[in-house]
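Examining the three-dimensional arrangement
Residue strings, one per chain:
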Amino acid sequence: MKGITREGIVEAALEVLDDGGIDAVTVRAVATRLGIKAPALYHHVRSKQDLLDEMGTVMQRRVNAAFQASGADLPWPQALAAYARALRAEYLRHRDGARIFSGTRLTDPEVLRAQEPWLERAVAGGAELDRLIDAAEAITAFVVGFVIEEQERRQSGGTLRYSVEGRDAALGPDVPLVIASGHGRSDHDARFARQLDLLLIGITS
């Protein structure tokens, strides 16, 4: 259909996502957002999974750009940390952002090709390619899991549902270490930084 582009479809899909979450993202809902009938979209996307793949590709393209600007030239362990922060920032831009990315297929080969310069620098700096890829996949899995939980907490009741005071009262005073373990978990940025540091220590040791 004239005037309908993949970029416009993805933008509309991200708006649907932000309004209703991943379950709201359907071809019909995106078509409605664009003011057209659903069949008109099937020339561009055949299914919800196609939509998710396109959305994930756009998100990864943004991650690549942020990574290039913030840490791609660093030694590879620090670069992995910069990549993790870029991933988390992008996922947090959208409701259910981490869930959108998980399991999607990148539809644009250029998004993958953009990894080559960083891989070249890391290998030239002494990193083994297989270990580097394993490390990058472990970092990605960590960020996806962390942000899925982080977004779930923020989007499903926040402080009331996950009240530290309520948790303390339910536990009772005879388990002080368990109580202490729950404090500070509401500071997502600090917890992310601590856990990322632990993961990187394991990767680089």
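Residues numbered from 1 in each chain as written. Predicted model: local features only at pLDDT ≥ 70, side-chain atom pairs only at ≥ 80, totals over all residues. Heavy atoms only, no water.

Naming follows an unreviewed UniProt entry, where the protein chain appears as Tetracycline repressor protein class D of Acidipropionibacterium virtanenii.

1. Let's talk about the packing of aromatic side chains
On inspection of all chains with the given rule, the structure shows 6 aromatic pairs. Residues phenylalanine 67 and tryptophan 118 carry aromatic rings whose centres are separated by 5.8 Å and whose planes lie at 80° to one another, so their mutual orientation is edge-to-face. Here phenylalanine 67, found in helix H3 (residues 48–70), pairs with tryptophan 118, found in helix H7 (residues 116–124); they are 51 residues apart in sequence, far enough to count as distant. The same class applies to phenylalanine 67 and to tryptophan 118, which are both buried. Summarising the aromatic geometry, the rings of tyrosine 91 and phenylalanine 101 are spaced 5.5 Å apart at their centres and angled 40° between planes, so their arrangement reads as tilted. Here phenylalanine 101 lies in helix H5 (residues 97–101) and tyrosine 91 lies in helix H4 (residues 76–91), a separation of 10 residues in the sequence. With relative accessibility at 1%, the residue tyrosine 91 sits in the buried group. (Phe/Tyr/Trp six-rings, centres within 6.5 Å; stacked < 30°, edge-to-face > 60°. Helix = DSSP H or I, 4+ residues; strand = E, 2+ residues; numbered from the N terminus. Buried < 20%, exposed > 50% of the residue type's maximum accessible area, 1.4 Å probe, protein only.)

2. Quick notes on the nonpolar core
Judged by nonpolar contacts, the single largest core of 56 residues is most densely connected at Leu41, Met55, Trp76, Tyr91 and Val143. For this core, the elements supplying multiple residues, two or more each, are helix H1 (6–20), helix H2 (27–34), H3, H4, H5, H7, helix H8 (129–155) and helix H12 (188–204). Looking at this core, you find at least three residues from each of domain 1 (1–46) and domain 2 (49–204). Apart from residues lying up to four places away in sequence, tryptophan 76 is in contact with Trp118, Ala122, Ala127, Leu132, Ala135, Ile203 and Thr204. (Core = buried A, V, L, I, M, F, W, Y, C linked by side-chain atoms within 4.5 Å. Domains from an automatic or database assignment. Contact = heavy atoms within 4.5 Å.)

3. As for the side chain of aspartate 96
With respect to the element layout, aspartate 96 can be found in the loop between H4 and H5. Not counting residues within four places of it along the chain, the set of residues in contact with aspartate 96 comprises Leu17, Gly21, Ile22, Gln151 and Gln155.

4. Here's the deal with a nonpolar patch on the surface
Side chains of Val123, Leu129 and Ile133 sit close together on the surface and give an oily, nonpolar patch of about 220 Å² of accessible area. Within the secondary structure, valine 123 is located in helix H7. (Patch = residues over 30% accessible without salt bridge, like charges linked within 9 Å, V, L, I, M, F, W, Y side chains within 5 Å. Areas by Shrake-Rupley, 256 points an atom, 1.4 Å probe, with all protein chains shown as cover. Salt bridge = Lys/Arg side-chain N within 4 Å of Asp/Glu carboxyl O.)

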